[in-house]
Amino acid sequence: MRVVVAEDSVLLREGLVRLLAEAGHEVVAAVGDAPSLLDAVAQHGPDVAVVDVRMPPGHTDDGLRAAVEARRRHPGLAVVVLSQYVEASYAADLLGDGRGGVAYLLKDRVADLDALTGALDAVAAGGTALDPEVVAQLLTRRRTGDPLASLTPREREVLALVAEGRSNAAIRDALVVSEGAVEKHVASIFAKLGLPPSTADHRRVLAAVTYLRATGA
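Residues numbered from 1 in each chain as written. Predicted model: local features only at pLDDT ≥ 70, side-chain atom pairs only at ≥ 80, totals over all residues. Heavy atoms only, no water.

Concerning the overall build of the protein
A count of helical and extended segments in the protein gives 10 helices and 6 strands. Taken over 217 residues, the protein has a buried fraction of 47%. (Helix = DSSP H or I, 4+ residues; strand = E, 2+ residues; numbered from the N terminus. Buried < 20%, exposed > 50% of the residue type's maximum accessible area, 1.4 Å probe, protein only.)

Observations concerning the nonpolar core
Membership of the largest hydrophobic core comes to 47 residues, with the highest contact counts inside it found for L37, V51 and L159. Tallying contributions element by element places helix α7 (residues 153–163) first for this core, with 6 residues. Counting 19 residues, the second-largest nonpolar core is a separate cluster that includes V50, L82, A103 and A119. (Core = buried A, V, L, I, M, F, W, Y, C linked by side-chain atoms within 4.5 Å.)

Some thoughts on the sheet that holds strand β2 (residues 26–31)
Reading across the sheet, the 6 strands line up as β2-β1-β3-β4-β5-β6 and stay open at both edges, with parallel pairing between neighbours. The open sheet has two edge strands with one neighbour each: β2 and β6 (128–130). Geometrically, the sheet is characterised by an average inter-axis angle of 15° between neighbouring strands, direction not taken into account. Across the sheet, helix α1 (residues 10–22) touches β1 (2–6), β2, β3 (48–52) and β4 (78–83), and the angle it forms with β2 is around 175°. (Pairing = 2+ DSSP bridges. Axes fitted to C-alpha atoms, helices over the stretch in contact; angles between N-to-C directions. Contact = heavy atoms within 4.5 Å.)

What to know about the pattern of salt bridges
According to the stated counting rule, one finds 11 salt bridges in the structure shown. Where R73 meets E69, a salt bridge forms, and the shortest distance between an N and an O atom there is 2.8 Å. Of this pair, R73 and E69 both sit in helix α3 (residues 62–73), separated by 4 residues, roughly a single helical turn. Across the salt bridge formed by K192 and E155, the nearest N and O atoms sit 2.9 Å from each other. Of this pair, K192 sits in helix α9 (residues 179–192) while E155 is found in helix α7, placing the two residues 37 residues apart along the sequence. E155 gets classed as buried once you look at its relative accessible area, which sits at 5%. Taken together, the shared-partner salt bridges in this structure form one network comprising E7, D52 and K107. (Salt bridge = Lys/Arg side-chain N within 4 Å of Asp/Glu carboxyl O.)

Description of α9
Given a rise of 1.5 Å per residue, 14 residues ought to cover 20 Å, and the 20 Å separating the end C-alpha atoms of α9 matches this to within 8%. Taken together, the buried positions of α9 are occupied by V182, V186, I189 and F190. Buried residues of α9 fall within an arc of 100° about the axis and therefore sit on the same side. In α9, those exposed residues whose orientation departs by more than 90 degrees from the buried face are K184 and A191. Those residues of α9 hidden inside the fold are in contact with α7, α8 (168–175) and α10 (203–214). In the segment just after α9, G194 is the residue with positive phi, at about 70°. (Expected span 1.5 Å × (residues − 1). Arc of directions from axis to C-beta.)

Re the pairing of β1
The element β1 is extensively covered by neighbouring structure, given that 4 of its 5 residues are classed as buried. As judged from the 5 bridges shared by β1 and β2, these two strands associate in the parallel manner. Pairing of V3 across the sheet is with V27, part of β2. Crossover connection from β1 via α1 to parallel β2: handedness right-handed. (Right-handed = clockwise from strand over helix to strand, strands pointing away.)

Right, here's the structure in full:
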């Protein structure tokens, strides 16, 4: 894949470039601030942007806002967001358009080449990938009026794994159940969340968005 890296830490930026090259990807630009990210995406037309949430010039959520804007301008762009901390609203902001092609990873996990390349593969295929730590923390932040209240404990487990970007086969292996059982759980989740079959919407993405918002986004 052709990748743009946006990270203001020179050390981490160079590390990401090296990791991506080792995985066989082409880094077409590596930049250190949010405006440069937008310029690089416009110039190079990458498949994926790997973006730090907090970047210059404001050092708040400039990277995230630039990523959202880049996807608005270039709808085919997939994004892997890197964050130092779990901030569920950031993941929800990116997932909110229902198009998929978004991953949210904690920086501690970036050194794991398998985690990084897995996230890239997921977003390039139009899927989503949430860091397991994000999902684990969201599970502890349930609200009253929870739209997930009708789900069984097993369905909640399945939905958490869907939100991580896992395929049905991967969920089967994680929960040690049959793939048929996973398919039934997923179908039940879609029905309970009011997500009927549609050619326009990616139901797994919409289910992940519902999950994020219900658990604290």
